[in-house]
Structures are given as structure tokens and as C-alpha cells.
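Remarks on the overall topology
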Amino acid sequence: MTPVRRLTVLYDAECGLCVHVRDWLLRQPRLVELEPVPAGSDAARRRLPDLDHAATLDEITVVGDAGQVYRSAAAWIVVLWALRAHRPLAHRLSTPSGARLAKGAVLAAAKWRGSRWGGQVYRRADGWTYDPRAGWTYRAPGCADGACATG
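What you are looking at is a predicted structure, and each value in this text was computed from that prediction instead of being measured.

Now for the overall build of the protein chain. Within the protein chain, the regular secondary structure consists of six helices and six strands. Evaluated residue by residue, the protein chain yields a buried proportion of 34% over its 151 residues. Nonlocal contacts in the protein chain, meaning residues at least 24 apart in sequence, comprise 54% of its contacts between residues at least 6 apart. Of the roughly 9,500 Å² that the protein chain leaves accessible, carbon and sulfur atoms contribute 55%.

As C-alpha cells, then:
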């Protein structure tokens, strides 16, 4: 068995909940180094070229320094395992009954995340911008002046 010394945590940089959790993780004392990287980003693609990057935007994915890939509830458990104060909880969640609880928590977070934007995630790269006062607005990529040629 290869020891885990570093975990790359792929998170959705366009998701407020995901960014909040990333910031929380960075404030926690760690037993294993955590490096958050925006999912689907150029940095993620360079660092992990063999990973299905589209899937990392749909499901939390954590990659160990020896190439271990954790998804969904297993990803949350391994992240908790890396945190000094939460390693005992990670051990409890790694049992069969704990894994059901962890899976439920991941599904609840995913449901909340999806419900925030009508079941889909709006991305800046697709032309969406968010203003807290006005909400989400769309401008097709390449249409910065609002005058796009139509097909």
C-alpha cells in the first residue's frame, strides 16, 4: 500500500457551496496536504490528463498523490480523513452504516446545489454571469458587445 501524502481536491469554482467548502478546508489543520484545483480547469487537465474532467464537474473527485481516485461519498470521506479534527469521523463514515450516511450527505449537497440553479449549473465559460442584485444573465460567448451574427 502506498501512503497518501497529498490529495488534489477538484471542486466546481462556479458553485458557491463548493467554494465555501474549499475555503473551509483550507482553514482546517491537516494531517495530509490538500490542494484544491478548479474542476475542468486547464490546471486540472495538465495535472491529471487521464481523468474524465467532465465528470469532475458533476461529482466531487479527489485524487491521491499515487493516482488513487475517490468520487462522491468516498471523496468526502478521504477529505475528512486528511483533516486533523475530522479523521475519527472519517473512520466512522468508512463503515457500511457510515458510508450510507456519507452518501446521503453527498446527495443532499448535490440536490441543494442543483436546486439553486434550476437543476443545472450556469458557467461563466458558457456565457453566464451572476450579479447578486440582478441574478443570472446570459450573453453568448463572443458577443461581448451584444451584437452577434446569427446563423
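Now that the structure is up, let's keep going.
Our focus in this paragraph is the nonpolar core. Ranked by size, the top nonpolar core spans 20 residues in total, and within it Leu 7, Leu 25, Leu 34, Val 62 and Val 79 carry the most contacts. If you list the elements that add at least two residues to this core, you get strand E1 (6–11), helix H1 (16–27), helix H4 (72–82) and helix H5 (87–93). With seven residues, the single largest contributor to this core is H4. Non-local contacts of Leu 7, meaning those with residues more than four positions away in its chain, are made with Val 32, Glu 33, Leu 34, Glu 35, Val 62, Val 63, Gly 64, Tyr 70, Val 78 and Ala 82. Residues Val 37, Leu 48, Leu 57 and Val 63 belong to the second largest nonpolar core, which totals eight residues.

As a further point, take the pairing of strand E3 (residues 61–64). Side-chain alternation along E3 places Thr 61 and Val 63 on one buried face and Val 62 and Gly 64 on a second face that is also buried. Direction of pairing for E3 relative to strand E4 (residues 69–71): antiparallel, over a ladder of three bridges. Bridge pairing links Val 63 to Val 69 in E4. Counting the residues in the hairpin turn of E3 and E4 gives four residues, including Gly 67, whose phi is positive at 95°.

Another aspect to go through is the sheet that holds E1. If you walk across this open sheet you meet the four strands as E2-E1-E3-E4, and the pairing is mixed. Only two strands of the sheet have a single partner each, and these edge strands are strand E2 (33–38) and E4. For this sheet, the mean inter-axis angle between neighbouring strands, taken without regard to orientation, is 25°. Contacts from H4 reach E1, E2, E3 and E4, with the element oriented near 115° to E4.

Bringing the side chain of Gln 28 into the picture now. Within the element layout of this structure, Gln 28 appears in the loop between H1 and E2. The contacts of Gln 28, once residues within four sequence positions are left out, are Leu 83 and His 86.

To continue, consider H4. Where burial is concerned, most of H4 is hidden: eight out of the 11 residues are buried. Within H4, the full set of buried residues consists of Ser 72, Ala 73, Ala 75, Ile 77, Val 78, Val 79, Leu 80 and Ala 82.

The first and last C-alpha atoms of H1 sit 17 Å apart over 12 residues, in line with the 16 Å expected at 1.5 Å per residue. Inspection of H1 places Cys 18, Val 21 and Leu 25 among the buried residues, and these make up the whole buried set. Seen from one end, H1 has its buried residues packed into an arc of 65°, which puts them on one side.

So, on to the pattern of salt bridges. This structure, assessed with the given rule, holds four salt bridges. The closest approach of N and O atoms between Asp 23 and Arg 22, which form a salt bridge, is 2.7 Å. Several salt bridges converge on common partners, so that one network encompasses Arg 6, Glu 35 and Arg 47.

Note: most peptide bonds trans; most residues except glycine with negative phi. Unlike most non-glycine residues, Ser 72 shows phi in positive territory, near 55°. Looking at the secondary structure, you find Ser 72 in helix H4.

Reading guide: rules and limits
Residues numbered from 1 in each chain as written. Predicted model: local features only at pLDDT ≥ 70, side-chain atom pairs only at ≥ 80, totals over all residues. Heavy atoms only, no water. Helix = DSSP H or I, 4+ residues; strand = E, 2+ residues; numbered from the N terminus. Buried < 20%, exposed > 50% of the residue type's maximum accessible area, 1.4 Å probe, protein only. Contact = heavy atoms within 4.5 Å. Areas by Shrake-Rupley, 256 points an atom, 1.4 Å probe, with all protein chains shown as cover. Core = buried A, V, L, I, M, F, W, Y, C linked by side-chain atoms within 4.5 Å. Pairing = 2+ DSSP bridges. Axes fitted to C-alpha atoms, helices over the stretch in contact; angles between N-to-C directions. Expected span 1.5 Å × (residues − 1). Arc of directions from axis to C-beta. Salt bridge = Lys/Arg side-chain N within 4 Å of Asp/Glu carboxyl O.

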